[in-house]
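If you want the building blocks of each chain, they are given just below.
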Amino acid sequence: MTPTCLWMFGSYGDVCPGARRTTDNTGYAPAGYIADPTANITGISPLHDSGTGSSLGSYGNFKIMPQTCPGGFIASPGYFGQTLDNGIKIEATTTRRAVLERFTFPENAGTPYFVLDLANDSPLSFGGGTLDIDAAKGRITIGGKWKPSFGPGLYPVYMYQAFACADLLDGGKQELDDFGVFVSDNFGMDAKELGGTHLDLSYNLIGSSPYQSGALFSFKGNISTVNIRMGVSFRSVEQACANAELEIGSAPFEEIQARSVALWNEKLSRIQIDVANTKPNVTEIFYSSLYRSFLTPNNATDEGNGLFEDTQSPYFDSLYCTWDTFRTWAPLLSLTSAQEYAEVVETYIDGWRKNGVIPECRTNQLPGWTQGGSDGTNLIAEFAVKYHSEAAALGVNLDEMYTALLSDGENNPKEWNTGGRQINVYKKHGYIPYAVLDATSTGRQTREGSRTLEYSFNDFAIRQVALLLGKPEEPTYANRSTWFKNVWDPDVESDGFKGFMQKRWANGTFKRQDPAWCSPLDDGPRACSLTQDNTNGFYESSSWEYSFFSPADMATIVDLMGGDETFIARLDHFFDEGYYLAGNEPSFGTPSAYHYADSPVNSVQRVRRAFFENYGIGADGLPGNDDQAAMATLAAFWILGLFPVPSTTQMLVISPLVPSYTVHNPYLNISTTVKVENFDPNSVKHTIPDGAAAYVVKITVNGVPSTTGRCYIDFFDTFHAGGEIIITVTANATEANNCESKLPDSLSTGGWALRT
């Protein structure tokens, strides 16, 4: 729940630069942090999500603050430190469910004084709670309810609970002096009760921001260093106190930090790049990205409540959202972390057991909004196709998984905004019609084009597991995997190119929209997200973008667009004219899509440009919100020279930005080393210079030419088997610009046979 953190990039709160906790700032800061040094710090909180897309932020509860005014920060795995302008130094180190905070005051600073917040989380969503001070024990306990950051948030049903237990005496080394409670606002109210020990506040039905409220306390003596231990829980105050005692106890700050550092060293060493011969900015981007991939989702095992209070399965919070994470986050986890991946998969299956639908977006312990399809199907199917031999030993029942998947493909929930799919009309028409009458279920009937495309890919995930387990439904779902074609309008034109994905009426006629709507070139304003006035037909992107989306059958997309030559010209136009939206997930696969038109050199060149235009080591080093490490893992794959095809065992080979790396899989007890023969550091830049070797001409796996050619590799040949992969690169773009008649798989060309 509160794992540790590393340095972070982000101009407006993309990620959280703390020991998995950070100072909270004013301004737009969905992760609780903003790089603007003029923003005011409002406190340091033990609960955070990193890199969410919610504009309001997520968590940020139980902030504690000695003073205000921001300064620079120092962060590394297991540690966060920040010195304020008034000279007070704040430090924090964490365990999974507890934090140890150290505050060092300058000489002659006077009495150390603190504020501990009750009501104000990052999105200001307080729904009522209590605070109690036990002066004899030196303990403050807090419990309350808050609204989720990306979900219904209806009072009082859709509110999550959280609890904190702050121990103030540092094992008897510190002694409380003054203490009390306060309630205030920004309009003149500033009420305090010296000696007060209790607050019990409810949800303010009249609306507006919640009152600022909490505890005030100081310490006796002219002490320069104050240590405060805080446990957190999603179950109870008692559990929060027990968590702090169990995970920190009386251990000093340095010991807790050392434990955390050891855990992070093990995680981050699972992929070891050749640091000495890699450009420093690439190294920093890679390990920051790998770090953030292990921040999500939040491991809240033993902290479930409601339906999950007595679950025997692992319990993860912040599945936020699978629309973001199935594309690159889950595939990267699969390379190194079979056990952790299995635990996450079991969380998804357990969500189906408890709620009847596979989770799509769990935010703050509650079902969040569904953005496109039911993409949990793709995330768990990827585990099945890669780890089916190990699944039982890892605690995943594949037959039960398939039952869950089949339920997703056949059963229409009454309400599908927060889980499941609008399957009834989809099965009836073969697509999601515009303005269709749905008499038996409810959801936001927008995004008809993108939902059809994503439903089709969800069905491909079900097909993959059906094939794996020899289920009779495999042909049905193989057919449904091709239904993306049903929203292809061959006649709509844009910028001289003909044929785009479009929404259509139930009678089959197309409801044509400008394919540029909701692209960076849209002259709007226009609604493009979950709001009811999104008439575009696509979610957070344009038809220009989504018309390239069919990961299971890109060969059909190439054919629909007119063949290789037109497809390449269209991709070039897409990028060169500015339709590409790097900060959004539907764009992830387009820079490497040239592979499917037998032009891998163009993929190499385009990925280089996209990487160096959108990733860096400064405050603006991400193209948008990190989206629970979606952006981070895309960058990591590009650095490794790969791009995964979700729900499959295949990865496109692009061209690594490092001369070599080794991937360790501790569960399989194997390591795989990738070496780049003829690696030229001069090629690692935005535009590859003439004469610089960067284009893949040959791949060997354990001394044998790759059976899949030079455009893609298979998980079972490589990272599941271990050994050595040698990628030979050349400066001769002409020589390397084909896939040697071995294009990546597509359904329409007979691809996606079972691999074991």
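Keep in mind that what you see is a predicted model, and the values were worked out from it rather than measured.

S.K.: I'd like to hear about the overall build of the chain, residue by residue, with values.
M.R.: Counting its regular elements, the chain contains 17 helices and 31 strands. The C-alpha atoms of the chain give 26 Å as radius of gyration, which agrees with the globular expectation for 756 residues (27 Å, within 12%). With the C-alpha coordinates aligned to their principal axes, the bounding extent of the chain is approximately 80 × 60 × 50 Å. When the 756 residues of the chain are sorted by exposure, 64% land in the buried category.

S.K.: Explain the nonpolar core to me, using residue names and the numbers behind them.
M.R.: Among the nonpolar cores identified, the biggest contains 145 residues, and Leu 379, Phe 383, Met 401, Phe 567, Trp 638 and Phe 719 are the most heavily contacted of them. Per-element accounting of this core gives the leading share, ten residues, to helix H16 (residues 630–640). Not counting residues within four places of it along the chain, the set of residues in contact with Phe 567 comprises Phe 548, Met 554, Ile 557, Val 558, Met 561, Ala 593 and Ala 597. One finds Tyr 59, Phe 80, Phe 179 and Phe 234 within the second-largest nonpolar core, a separate group that totals 49 residues.

S.K.: Any chance you could break down a negative patch on the surface for me, citing the residues and the numbers?
M.R.: Judged by side-chain charge, Asp 495, Asp 514, Asp 523 and Glu 577 come together as a negatively charged surface patch. Considering the arrangement of structural elements, one finds Asp 523 in the loop between strand S23 (497–501) and helix H12 (543–546).

S.K.: How would you explain unusual backbone geometry if you had to name every residue and give the values?
M.R.: Cis rather than trans, the peptide bond between Tyr 155 and Pro 156 has omega equal to -5°. Within the element layout of this structure, Pro 156 appears in the loop between strand S10 (139–146) and strand S11 (160–167). The amide bond that connects Thr 296 to the next residue, Pro 297, takes the cis arrangement and shows omega of -10°. Within the secondary structure, Pro 297 sits in the loop between helix H3 (280–293) and strand S18 (298–299). The backbone of Asn 678 shows a phi angle near 75°, a positive value even though the residue is not glycine.

S.K.: Give me the lowdown on the pattern of salt bridges, citing residues and values where you can.
M.R.: Within the structure shown, the criterion is met by 36 salt bridges. The salt bridge involving Lys 89 is made with Glu 91; its shortest N-O contact spans 3.8 Å. A relative accessible area of 33% places Lys 89 in the partly exposed class. Judged by relative accessible area, Glu 91 falls into the buried class, the value being 6%.

S.K.: An account of the side chain of Asn 227 is requested, with residue identities and associated values reported.
M.R.: Within the secondary structure, Asn 227 sits in strand S16 (residues 225–233). Classification of Asn 227 as buried rests on a relative accessible area of 16%. Of note is the side chain of Asn 227, whose polar atom sits 3.1 Å from the side chain of Asp 170. Residue contacts for Asn 227: discarding those within four places in its chain leaves Glu 101, Arg 102, Asp 167, Leu 168, Asp 170 and Gln 174.

S.K.: Break down the environment of Lys 485 for me, citing the residues and quoting the values.
M.R.: Within the secondary structure, Lys 485 sits in the loop between helix H11 (474–480) and strand S22 (488–494). Separated by 33 residues in sequence, Lys 485 and Thr 452 have C-alpha atoms that sit 9.3 Å apart.

S.K.: Report on the sheet that holds strand S17 (residues 271–273), specifying residues and quantitative values.
M.R.: Spatial strand order, S17-S26-S27-S31-S28-S29: six strands in an open sheet with mixed pairing. Unpaired on one side and paired on the other, S17 and strand S29 (704–705) mark the two borders of the sheet. Of the pairings in the sheet, the one linking S17 to strand S26 (residues 660–665) comprises three bridges and is antiparallel in character. By the bridge assignment for S26, Ile 271 is matched with Val 663.

S.K.: Outline the packing of aromatic side chains, listing residues and values.
M.R.: Any two aromatic rings considered together are summarised by their centre-to-centre distance and by the angle between their planes. Within the structure shown, the criterion is met by 39 aromatic pairs. A centroid spacing of 4.7 Å and a plane angle of 75° characterise the contact between Tyr 434 and Trp 505, whose relative ring orientation is edge-to-face. Residue Tyr 434 is found in the loop between helix H9 (423–429) and helix H10 (448–469), and its partner Trp 505 is found in the loop between S23 and H12; the two are separated by 71 residues along the sequence. You can call Tyr 434 partly exposed: its relative accessible area is 22%. A ring pair is formed by Phe 574 and Phe 575, whose centres lie 5.1 Å apart and whose planes are at 80°; its orientation type is edge-to-face. Under the relative-accessibility criterion, Phe 574 is labelled buried at 0%. A connected cluster of aromatic rings, assembled from ring pairs, spans Phe 497, Phe 500, Trp 544, Phe 548, Phe 567, Phe 574, Phe 575, Tyr 579 and Tyr 580.

S.K.: Could you give me a rundown of the state of the cysteines, with the residues and numbers involved?
M.R.: For the structure shown, the criterion picks out four disulfides. Two residues share a disulfide in this structure: Cys 165 and Cys 241, whose sulfurs sit 2.2 Å from each other. On the sign convention where negative is left-handed, the bridge of Cys 165 and Cys 241, at about 95° about the S-S bond, is right-handed. Here Cys 165 is found in strand S11, whereas its partner Cys 241 is found in helix H1 (residues 237–247), with 76 residues between them in sequence. Both residues of the pair, Cys 165 and Cys 241, count as buried. Shown here for the chain is a disulfide pattern of 1-2, 3-4, 5-6, 7-8, where each number marks a bonded cysteine counted in sequence order.

S.K.: Please give an account of the environment of Cys 361 that cites residues and values.
M.R.: By secondary structure assignment, the location of Cys 361 is in the loop between helix H6 (338–355) and strand S20 (362–363). Sequence separation between Cys 361 and Ala 251 is 110 residues, and the spatial gap between their C-alpha atoms is 37 Å.

S.K.: Describe the packing of helix H7 (residues 376–387) against H10, and please don't skip the residues or the numbers.
M.R.: In the contact formed by H7 and H10, the axes pass within 9 Å of each other and the chain directions differ by 25°. As far as their axial angle goes, H10 and H7 are roughly parallel. Our pair here, H7 against H10, has a crossing hand that is left-handed. Contacts from Thr 377, Asn 378, Ala 381, Ala 384 and Val 385 of H7 reach H10 at Phe 457, Asn 458, Ala 461, Gln 464, Val 465 and Leu 468. Residues of the contact of H7 with H10, tallied by class, amount to seven nonpolar, four polar and no charged.

S.K.: Quick rundown of the confidence of the model for the chain? Include the residues and the values.
M.R.: Regions with low pLDDT carry predicted coordinates that are not meant to be interpreted in detail. Averaged over all residues, the pLDDT of the chain is 92; the fraction at 70 or higher stands at 93%. A low-confidence stretch, residues 2–13 (pLDDT under 50), is modelled with 89 contacts involving residues beyond four sequence positions or located in other chains. The low-confidence segment residues 67–71 (pLDDT under 50) makes 19 contacts with residues lying over four places distant or belonging to another chain.

S.K.: Tell me about the sheet that holds strand S25 (residues 650–653), and please be specific about residues and values.
M.R.: The sheet built from three strands is open, its strands ordered S24-S25-S30 with antiparallel pairing. The sheet terminates laterally at strand S24 (642–644) and strand S30 (712–714), the two strands that pair on one side only. Direction aside, neighbouring strands of the sheet carry axes that sit 30° apart on average. One ladder, built from three bridges, connects S24 with S25; its direction is antiparallel. Across the sheet, Phe 643 pairs through a bridge with Leu 652, a residue of S25. Its contacts with the sheet place H16 against S24 and S25, and it is angled at close to 135° to S24.

Definitions and limits used
Residues numbered from 1 in each chain as written. Predicted model: local features only at pLDDT ≥ 70, side-chain atom pairs only at ≥ 80, totals over all residues. Heavy atoms only, no water. Helix = DSSP H or I, 4+ residues; strand = E, 2+ residues; numbered from the N terminus. Rg over C-alpha atoms; globule rule 2.2 N^0.38 Å. Buried < 20%, exposed > 50% of the residue type's maximum accessible area, 1.4 Å probe, protein only. Core = buried A, V, L, I, M, F, W, Y, C linked by side-chain atoms within 4.5 Å. Contact = heavy atoms within 4.5 Å. Patch = residues over 30% accessible without salt bridge, like charges linked within 9 Å, V, L, I, M, F, W, Y side chains within 5 Å. Areas by Shrake-Rupley, 256 points an atom, 1.4 Å probe, with all protein chains shown as cover. Salt bridge = Lys/Arg side-chain N within 4 Å of Asp/Glu carboxyl O. Lys, Arg positive; Asp, Glu negative; His and termini not counted. Charge placed at Lys NZ, Arg CZ, Asp CG, Glu CD. Polar contact = N/O pair within 3.5 Å; in protein donor to acceptor, adjacent residues only side chain to side chain. Pairing = 2+ DSSP bridges. Phe/Tyr/Trp six-rings, centres within 6.5 Å; stacked < 30°, edge-to-face > 60°. Disulfide = S-S within 2.5 Å. Axes fitted to C-alpha atoms, helices over the stretch in contact; angles between N-to-C directions. Parallel < 35°, antiparallel > 145°, perpendicular 65-115°, else oblique. Left-handed = near helix turned anticlockwise from the far one by under 90°. Nonpolar A, V, L, I, M, F, W, Y, C, P; charged D, E, K, R; others polar. pLDDT = per-residue confidence, 0-100.

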